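An overview of the molecular structure
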Amino acid sequence: MPISISVIVCTYNRADFVIRAIESLANQTLNREDYEILVVDNGSSDDTSRRVKDRLPGISNLRYMYESRLGLSIARNAGLASSRGRILVFMDDDAIACPGYLEEILGVFQSVKPSPGLLCGPVEPIWGAPRPAWLKDDLLGYYSVLNWSESPRALQEGEWIAGANFAVARDVISACGGFDAGLGRKGTSLLSGEDTALTDCIRLAGFVVYYAPAAAVQHHIHPERISKAWLYRRVFWGAVSKGIVERQAISMQSESIRYGFTRVKHIGRHLFAIPWNILDADRRLRWTRVVMRDLGRLYGFYFHGR
């Protein structure tokens, strides 16, 4: 029997968290016959397999599959191929869905005209350690914290989705070819960008990207991520992802040379500005982020995956 929604939760060595995610999805206001929960275990070496399988008898719409090839995009594509719903919901393994989460998503796809190609909702942080003073609001996007509006609306150009919480129509994501396996997390790496690439494809195809404030999840911010060192790594690898995408879009050697010259010129300008930025903590944080972005884009464009 066809179902409306497949929730795909890809997980890697987070048994405690994925169980909480499953429980939040099992206790939805939407009837269980209308959706499935598909957990894709992406090569976990902890007790994820045993603990998820222990839940199978008590949660009738829960399924488990194992994907040994490491990579979030690979795991998501495996879930896409195995799922049965006409709407695919992708939620992080360390996220917790609100009780009306799936009912809201289904309602938006059914009622909004033209029907969205992609839908996202708020991502609210659960801080694993006290939030430091240096972690200002403009940095929260690196932690997938998202809240665009109190009212539902189409997202504008430049407004992004968070990979922790989004839904897409099956025919739309299939037309885009799924997720780019060259992007996205692989084990503990911080490579990203696969959700951005998908969003760009959906927009280019003429579909609306829609924001639904009632389709909210809470998302754990792990203690080891609440540090400047982790933030710099996140900035760097996010820029690597951008560099890879930019490389794919450039075909001429002259454009490639011009790209490198521009990035090196930016880095040189910022190095020249060290004396004005090194003593003040806020300026030093901002300066380091800019330099890491340029270095990441250079590395992604010329070296990563070559």
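Residues numbered from 1 in each chain as written. Predicted model: local features only at pLDDT ≥ 70, side-chain atom pairs only at ≥ 80, totals over all residues. Heavy atoms only, no water.

1. Here we look at the packing of aromatic side chains
For the structure on display, the rule yields 12 aromatic pairs. With 5.2 Å between their ring centres and 25° between their planes, Phe90 and Phe166 make a pair best called stacked. Taken together, the residues span a long stretch of sequence, with Phe90 in strand β4 (residues 85-91) and Phe166 in strand β9 (residues 165-169) at a distance of 76 residues. Like Phe166, Phe90 is buried. An aromatic cluster is defined as three or more aromatic residues linked by ring pairs; in this entry it consists of Phe236, Trp237, Tyr299, Phe301, Tyr302 and Phe303. (Phe/Tyr/Trp six-rings, centres within 6.5 Å; stacked < 30°, edge-to-face > 60°. Helix = DSSP H or I, 4+ residues; strand = E, 2+ residues; numbered from the N terminus. Buried < 20%, exposed > 50% of the residue type's maximum accessible area, 1.4 Å probe, protein only.)

2. Looking at the pairing of strand β11 (residues 217-221)
Within β11, four of the five residues are buried, which leaves the element mostly enclosed by the surrounding structure. In this sheet, β11 lies alongside strand β5 (residues 95-97) in antiparallel orientation, the contact comprising three bridges. Paired with Ala95 across the two strands is His219, which belongs to β11. Pairing of strand β7 (residues 123-127) with β11, which is carried by five bridges, proceeds in the parallel orientation. In the sheet register, Ile126 faces β11, and the bridge partner there is His220. (Pairing = 2+ DSSP bridges.)

3. Here we look at the sheet that holds strand β6 (residues 118-120)
The strand order across the open sheet built from eight strands is β3-β2-β1-β4-β9-β6-β10-β8, with neighbouring strands paired in mixed fashion. Of all strands in the sheet, those bounded by a partner on one side alone are β3 (62-66) and β8 (153-154). Here helix α3 (residues 72-82) sits on the sheet and contacts β1 (3-11), β2 (35-41), β3, β4 and β9; the angle it forms with β1, its principal contact strand, is near 155°. (Contact = heavy atoms within 4.5 Å. Axes fitted to C-alpha atoms, helices over the stretch in contact; angles between N-to-C directions.)

4. A closer look at the environment of Phe207
One can find Phe207 in the loop between α6 (194-204) and β10 (209-211). Taking C-alpha positions, Phe207 is 14 Å from Ser174, a pair spaced 33 residues apart along the chain. Not counting residues up to four positions away in its chain, the partners in contact with Phe207 are Ser115, Gly117, Val172 and Ile202.

5. Things to note about the sheet that holds β5
Reading across the sheet, the three strands line up as β5-β11-β7 and stay open at both edges, with mixed pairing between neighbours. Looking along the sheet, the strands with just one partner apiece sit at the ends: β5 and β7. Put simply, the sheet's adjacent strands are angled 25° from each other on average, direction ignored. Of the strands in this sheet, β5 and β11 touch helix α1 (residues 15-26), which is tilted by about 10° from β5.

6. Concerning the pattern of salt bridges
Enumeration over the complete set of coordinates arrives at 15 salt bridges. Here Asp16 ties to Arg51 by a salt bridge, and the two come within 2.4 Å at their closest N and O atoms. Of the two residues, Asp16 is situated in helix α1 and Arg51 in helix α2 (residues 48-55); the sequence distance between them amounts to 35 residues. A salt bridge links Asp137 to Arg131; its shortest N-O distance comes to 2.8 Å. Note on Asp137: relative accessible area 58%, which makes it exposed. When salt bridges that share partners are traced, they join Arg14, Asp93 and Asp94 into one network. (Salt bridge = Lys/Arg side-chain N within 4 Å of Asp/Glu carboxyl O.)

7. A few points about the nonpolar core
Counting 64 residues, the largest nonpolar core has Ile5, Tyr101, Leu102 and Ile105 as the members making the most contacts within it. Filtering out sequence-adjacent residues up to four positions away, Ile105 remains in contact with Ile5, Ile87, Val89, Leu119, Ala167 and Ala215. With 15 residues, the next largest nonpolar core counts Trp134, Tyr142, Ile221 and Tyr232 among its residues. (Core = buried A, V, L, I, M, F, W, Y, C linked by side-chain atoms within 4.5 Å.)

8. Some thoughts on α3
An α-helical segment advances 3.6 residues per turn. Residues three or four places apart therefore align on the same side. The buried count for α3 comes to eight of 11 residues, which makes it a mostly enclosed element. Of all the residues in α3, the buried ones are Leu72, Ser73, Ile74, Ala75, Arg76, Ala78, Gly79 and Leu80.

9. Let's talk about the environment of Asp93
As for its placement among the helices and strands, Asp93 is situated in the loop between β4 and β5. C-alpha of Asp93 to C-alpha of Val40: the two residues are 53 residues apart in sequence and 9.8 Å apart in space. If we skip the residues at most four places from it in the chain, Asp93 touches Val9, Cys10, Thr11, Tyr12, Arg14, Phe17, Val18 and Ala21. One polar contact links the side chain of Asp93 to the main-chain amide nitrogen of Tyr12, over a distance of 3.5 Å. (Polar contact = N/O pair within 3.5 Å; in protein donor to acceptor, adjacent residues only side chain to side chain.)

The values are spatial; any link to function lies outside them.
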